[in-house]
Structures are given as structure tokens and as C-alpha cells.
Amino acid sequence: MTIATDRTLADHLGMNHRTVQRKCRDGEWPHLRFGRRYRFTPEQVAEIVGMHAVAPKTATPALAWGRKTR
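Residues numbered from 1 in each chain as written. Predicted model: local features only at pLDDT ≥ 70, side-chain atom pairs only at ≥ 80, totals over all residues. Heavy atoms only, no water.

## Section: the overall build of the protein chain
- A count of helical and extended segments in the protein chain gives three helices and three strands.
- Counting from the amino terminus, helix and strand elements in the protein chain follow one another as β-α-α-β-β-α.
- Per-residue burial for the protein chain yields a buried fraction of 21% across its 70 residues.
- Pairs at least 24 residues apart make up 35% of the contacts formed inside the protein chain by residues separated by at least 6 positions.
- When the accessible surface of the protein chain is split by element, carbon and sulfur atoms take 53% of a total near 6,000 Å². (Helix = DSSP H or I, 4+ residues; strand = E, 2+ residues; numbered from the N terminus. Buried < 20%, exposed > 50% of the residue type's maximum accessible area, 1.4 Å probe, protein only. Contact = heavy atoms within 4.5 Å. Areas by Shrake-Rupley, 256 points an atom, 1.4 Å probe, with all protein chains shown as cover.)

See the structure below:
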């Protein structure tokens with residue numbers, strides 16, 4: 001089992017490690033805490049990524065050129 005640090009998670013997500021620490025401190029993200037250190041299990045990392053996943057927008061049918069809508 002590999003435990004990620006706040007810095008490795010920040011690198012993985014493309015954000016500052018202080019943002020990761022703030023989200024943990026505010027209770028927004030699941031984490032483990034050892035003293036002053038934040039750590040994340042692979043399951044917690046997957047949960048965090050899933051919390052912020054964006055579903056693709058559904059495509060709307062395009063109107064034919066020159067066709068007017070009412």
C-alpha cells in the first residue's frame with residue numbers, strides 16, 4: 001500500500017500543496033493525519049478525484065445552416 005503525501009497529491013492534481021492542506025483542515029477531503037502531516041491512501045485519492053470529476057456536456061443537435069427557428 002502506497003501512502004501519498006500532500007505534496008505528491010498536489011503535484012498529481014496540479015495544485016499548490018497549501019490548497020490540499022486547507023481542504024483537509026476544513027474537512028472537505030478525506031485524509032489521514034500523523035502529527036502535522038497529511039497522508040492519503042489510494043482509496044482516498046480516488047475519492048478526491050471522483051469528487052471533482054466533471055462529466056462531459058451532452059451535445060445538442062446543431063441547426064442546419066439557413067434554417068430559422070421560431
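Now that the structure has been shown, we can carry on.
## Observations concerning the pattern of salt bridges
- Scanning the model with the defined rule gives one salt bridge in all.
- For Lys 23, the salt bridge identified is with Glu 28, shortest N-O distance 3.2 Å.
- Owing to a relative accessible area of 37%, Glu 28 belongs among the partly exposed residues under this scheme. (Salt bridge = Lys/Arg side-chain N within 4 Å of Asp/Glu carboxyl O.)

## Focus on the side chain of His 17
- Relative to the elements of secondary structure, His 17 occurs in helix H2 (residues 17–25).
- There is a polar contact of 3.3 Å between the side chain of His 17 and the side chain of Arg 7. (Polar contact = N/O pair within 3.5 Å; in protein donor to acceptor, adjacent residues only side chain to side chain.)

## Re the packing of helix H1 (residues 6–13) against H2
- Running from N to C, H1 and H2 point in directions that differ by 110 degrees, and their axes come no closer than 8 Å. The orientation of H1 relative to H2 falls into the category roughly perpendicular. Between H1 and H2 lies a crossing whose hand is right-handed. Residue-level inspection shows Asp 6, Arg 7, Leu 9 and Ala 10 of H1 in contact with H2, the latter providing His 17, Val 20 and Gln 21.
- Class assignment of the residues belonging to the contact of H1 with H2 gives a composition of three nonpolar, two polar and two charged. (Axes fitted to C-alpha atoms, helices over the stretch in contact; angles between N-to-C directions. Parallel < 35°, antiparallel > 145°, perpendicular 65-115°, else oblique. Left-handed = near helix turned anticlockwise from the far one by under 90°. Nonpolar A, V, L, I, M, F, W, Y, C, P; charged D, E, K, R; others polar.)

## A look at the nonpolar core
- In this structure, Ala 4, Leu 9, Ala 10, Val 20, Cys 24, Trp 29, Tyr 38, Phe 40, Val 45 and Ile 48 together form the largest nonpolar core, which totals ten residues.
- For this core, the elements supplying multiple residues, two or more each, are H1, H2, strand S3 (37–40) and helix H3 (42–51).
- Not counting chain neighbours up to four residues away, the residues in contact with Ile 48 comprise Leu 9, Leu 13, Trp 29, Pro 30 and Phe 40. (Core = buried A, V, L, I, M, F, W, Y, C linked by side-chain atoms within 4.5 Å.)

## As for the confidence of the model for the protein chain
- Taken as a whole, the protein chain shows an average pLDDT of 88; of its residues, 83% reach a score of 70 or greater.
- Within the protein chain, H2 carries the highest mean pLDDT (97), whereas H3 carries the lowest (94). (pLDDT = per-residue confidence, 0-100.)

## Concerning the sheet that holds strand S2 (residues 32–34)
- Strands sit in the order S1-S3-S2 across an open sheet of three strands; the sheet is antiparallel. Here the strands that pair on one side only, and so sit at the sheet edges, are strand S1 (4–5) and S2.
- For S2 and S3, the ladder comprises three bridges, and the chain directions are antiparallel. By the bridge assignment for S3, Phe 34 is matched with Arg 37. (Pairing = 2+ DSSP bridges.)

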